[in-house]
Amino acid sequence: MPSIARYGNDTSSVLQQIVTSSSETDTLDQLIPYIKDYSYGNKTSHLLSQLSDLAAERETEIERQCNANHQEFTSSVQQLLRIREGTVTLTHEILELNQSIQASTEKLVDQKKALVECRGVRQNIDDASHALQDCLEVLRLANQVQELRDQKKHYAALRALDELQSVHLQSVTQYKLSELIQKSVPAIQKSIAEAVMADLNTWLFRVREMSQYLGELSFYHTDLRQQRLKERSERNAYLGNFKLNSAIELVADEHEEFDLLKSEDLEVDFTPLFEALHIYRSLGQMDKFKSDYTNSRRAQRDLLLQNTISLVDEELGDLHTLLEDIAGFAIMERATMKKVPDLRSTTDVEELWDSLCRKGISLMSKALGAVDNAEHLLKIKNLISLFIQTMNTFNFNTSSVSNFVLILFDKYAELLKQRFSEDFIEIVSTDDYMPMPIQNAEEFEKVVNVSWYTPDRPVHEMTFPTVFPFSQMYPLCCIDIRNFLNQFYFFSSQDEAPSPLTTRIDAKLLTSLDDLLCTKVCASLVSKLSSQYLGQIVQILINLSHFTTACHELETLLASARTSAQAGPAITLRATSQFFQHQKTAENRIFELVNSKVSDLIETAEYDWLSRDAPAEPSNYILTLTRYLANIINSVLLSLPSSLKDLMLFNAISYTASAILSLPLSPSVERITTTAIAQLSMDIDHFRSYVETLPNNSILLECLDELIQTVALMSTDQPDEFYDISLRNKKYRNVDPLKGPQLLEKVVRVPVQSPTAGNGHNRGSSSGTPGPQSPASGHQVSMRGNATFAALQNRFMNSGR
């Protein structure tokens, strides 16, 4: 517990702070802790007494000060009294004035009240007038929107509607009119969008209607570009290396540039499209607009193409319409994409283009079967090529149409092959197979120019009329071959043919031409080799020879005229070997016919092998045979080359010698008299004399060596010489070692009778029966001959041949 002394000291200081304190709050703050402490020690009365003492001390101090200033205080009180009296007077006057003012104020208040009421009515009238004006303005703008829409000023109507909605309606939101108009805004926007789309559909309809003309116009200008390119190529051959749509061609044709969609002939106004696009973009409906536009174009695409077309029309009207419609439609799509990139994407345009190509190709493929004329098919191809070149100008992918051109080419090739097959068959079947006569130099040069033929001397050294070695069929076939080649290459000569087409042309031309030459020309000529007329066979051989030469020339020509850019392997025609091979067939056939005739003539030989009459003249058959050979050499074989003619003669002479030699070797001839041998020797001498008259007779005479030496052996009186090797090699080296002994065994030596002696007994029968004059001697000679033959044969075998 705190000590009393501490409280005593503290109380005086606390009281001093209370006296000097500026507020009651501070006094209480000073007393509170002491009150608490005094309460613990029951010293509250002590605190109260100190406070009472302090208060009394202070009152004494106040009284002392008041006594010191009493006079001034009294004067102040009097002044205050006078002031109060004046104040009361003034208050009375103020009250009177206030009553007066109050009376006048009541009247003013009534007037003010009436004025306020008037002003309120006027304000209401003004507010109503302003509201009416605002509503009228809103209604005017709403009517203006309708008027602009009716005037097809769709964008202006949309802007007015937007202004109405965002500005004017905001000032009348408190009125029912604002609500009504606000509700009608979507309907108005929709009507504007529908009106714009209706205008756009009308524009699209006009665009579809002008698609064909747009395509026709594009074809026309492409054709003009081709003509200008051709003219420039004629002036400068270097420019001929560049095709249409190449960079060089585009640069060279810059001064002729034109806008297909904006020209004197045609002008396409894109304003409706731009307006519709702008309005739908403003409405925030671009996706819907793109979708609607795409669907509209697809529907127009479906309506654009016909269900069927005809390709047999001479003017190709349906094909023109089809390709022009496709071209115009696609060009319009490409132009739209360039002008409005965010409306039509490249994918959309390419999708429409591909579908148009597929449909067009399908229609053309169905109608292609009715086309049976190659020239008409060429017109179709040229029109399609013009279409391809036109669309390449606008950067469209034309690969599918180019592939269809390959189908056209296959059809074209088949038609050409069929037509030329008929021509070749007719030429071969109607040929007279005689050397082709020519009347003058002009005709001669014409034939030489169309044929692969090189004359052996200049034209001015020839005498006319003359003949060609070949028959008329050869130049006619050459003309057809050249036409066939030209027709093939003409398929791609007028335009920039795609690489697959050039490759296909080279391959197809080679196979078609080879097939025609093999199956229609060569096979037809070979089929006529069965004829028995030697002149016809000889002419066929000559024709085959010239066709072989022509095939070699064709191989060179095809290699140089190859349309492919890259050089391929060397061209070899199967027909070349066919013609060459069948030359041998024709030669063999000539050998066969000549040998057959020789055999027929030799078979007419009437040798009396047992005759004892001396020969007076050559036999009739040998005379006929030499005349026959002379005739064919100077007529039928005259046109053959010298080497081939020599081969024919060699074969004929050799065969004749062998055939004559086979007569005495016949098993039916058992005996041969020396007089019969003399007749045979005379005939051979006559034949030899004829052979000596022939060119290159030294070689031909070698064919007679065996026959002459064999007959000489039969005529000799010393047959033993044949079995002596040294003598045989010297005198009978060409005699067959087996045939010689056989003939020696048949020889019967008889006395020779005069040709005038009894004709009834100068010839024996062909059966070998001896004549009646000396049958014994004939038998003895025969026996002696047999013995000699056996002895000589033994010697020959022992000598080792």
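Computed from a prediction, not measured in an experiment: that's the story for all the values here.

**Comments concerning the pattern of salt bridges**
Reasoning step 1: According to the stated counting rule, one finds 16 salt bridges in the structure shown.
Reasoning step 2: For Asp292, the salt bridge is made with Lys288, and the minimal N-O distance between the two is 2.9 Å. With Asp292 and Lys288 both in helix H9 (residues 286-304) and four residues apart, this pair spans about one turn of that helix.
Reasoning step 3: For Lys288, a relative accessible area of 45% puts it in the partly exposed group.
Reasoning step 4: One salt bridge connects Lys417 with Asp515, and the closest N-O pair in it is separated by 2.7 Å. Of the two residues, Lys417 sits in helix H13 (residues 399-430) while Asp515 sits in helix H16 (residues 499-527), which places them 98 residues apart along the sequence.

**Here's the deal with the nonpolar core**
As a rule of thumb, soluble globular proteins bury nonpolar side chains together.
Reasoning step 1: Counting 174 residues, the largest nonpolar core has Trp203, Ile384, Phe387, Leu525, Phe579 and Leu629 as the members making the most contacts within it.
Reasoning step 2: With near-sequence residues (within four places) excluded, Phe579 lies in contact with Leu517, Val521, Cys522, Leu525, Leu544, Phe547, Thr548 and Cys551.

**Quick word on the confidence of the model for the protein**
Reasoning step 1: Residues of the protein with pLDDT of at least 70 account for 76%, and the chain-wide mean is 78.
Reasoning step 2: Considering each helix and strand of the protein separately, the mean pLDDT is smallest for helix H26 (residues 775-798), with a value of 35, and largest for helix H21 (residues 674-692), with 91.
Reasoning step 3: Throughout residues 1-8 the model reports pLDDT below 50, and contacts reaching past four residues in sequence, or to other chains, amount to six contacts.
Reasoning step 4: Per-residue pLDDT stays below 50 along residues 756-801; that stretch engages in 50 contacts with residues further than four places along the chain or on separate chains.

**Some points on the side chain of Ser218**
Reasoning step 1: Looking at where Ser218 falls in the secondary structure, it is placed in helix H6 (residues 176-235).
Reasoning step 2: Accessibility expressed as a relative area gives 4% for Ser218, which makes it buried.
Reasoning step 3: Once you skip the residues sitting within four places of it in the chain, Ser218 turns out to touch Leu260, Ala327, Ile331 and Thr390.

**A closer look at the packing of H9 against helix H11 (residues 346-368)**
Reasoning step 1: For the pair H9 and H11, interaxial distance at closest approach is 11 Å and the crossing angle is 15°. By the angle class used here, H9 and H11 are roughly parallel. Pair H9 / H11 crosses with right-handed handedness. Note on element contacts: H11 touches H9 through Glu351, Leu352, Ser355 and Leu356, opposite Arg297, Arg298, Arg301 and Leu304.
Reasoning step 2: The class makeup of the residues in the contact of H9 with H11 is three nonpolar, one polar and four charged.

So, how was this worked out
Residues numbered from 1 in each chain as written. Predicted model: local features only at pLDDT ≥ 70, side-chain atom pairs only at ≥ 80, totals over all residues. Heavy atoms only, no water. Salt bridge = Lys/Arg side-chain N within 4 Å of Asp/Glu carboxyl O. Helix = DSSP H or I, 4+ residues; strand = E, 2+ residues; numbered from the N terminus. Buried < 20%, exposed > 50% of the residue type's maximum accessible area, 1.4 Å probe, protein only. Core = buried A, V, L, I, M, F, W, Y, C linked by side-chain atoms within 4.5 Å. Contact = heavy atoms within 4.5 Å. pLDDT = per-residue confidence, 0-100. Axes fitted to C-alpha atoms, helices over the stretch in contact; angles between N-to-C directions. Parallel < 35°, antiparallel > 145°, perpendicular 65-115°, else oblique. Left-handed = near helix turned anticlockwise from the far one by under 90°. Nonpolar A, V, L, I, M, F, W, Y, C, P; charged D, E, K, R; others polar.

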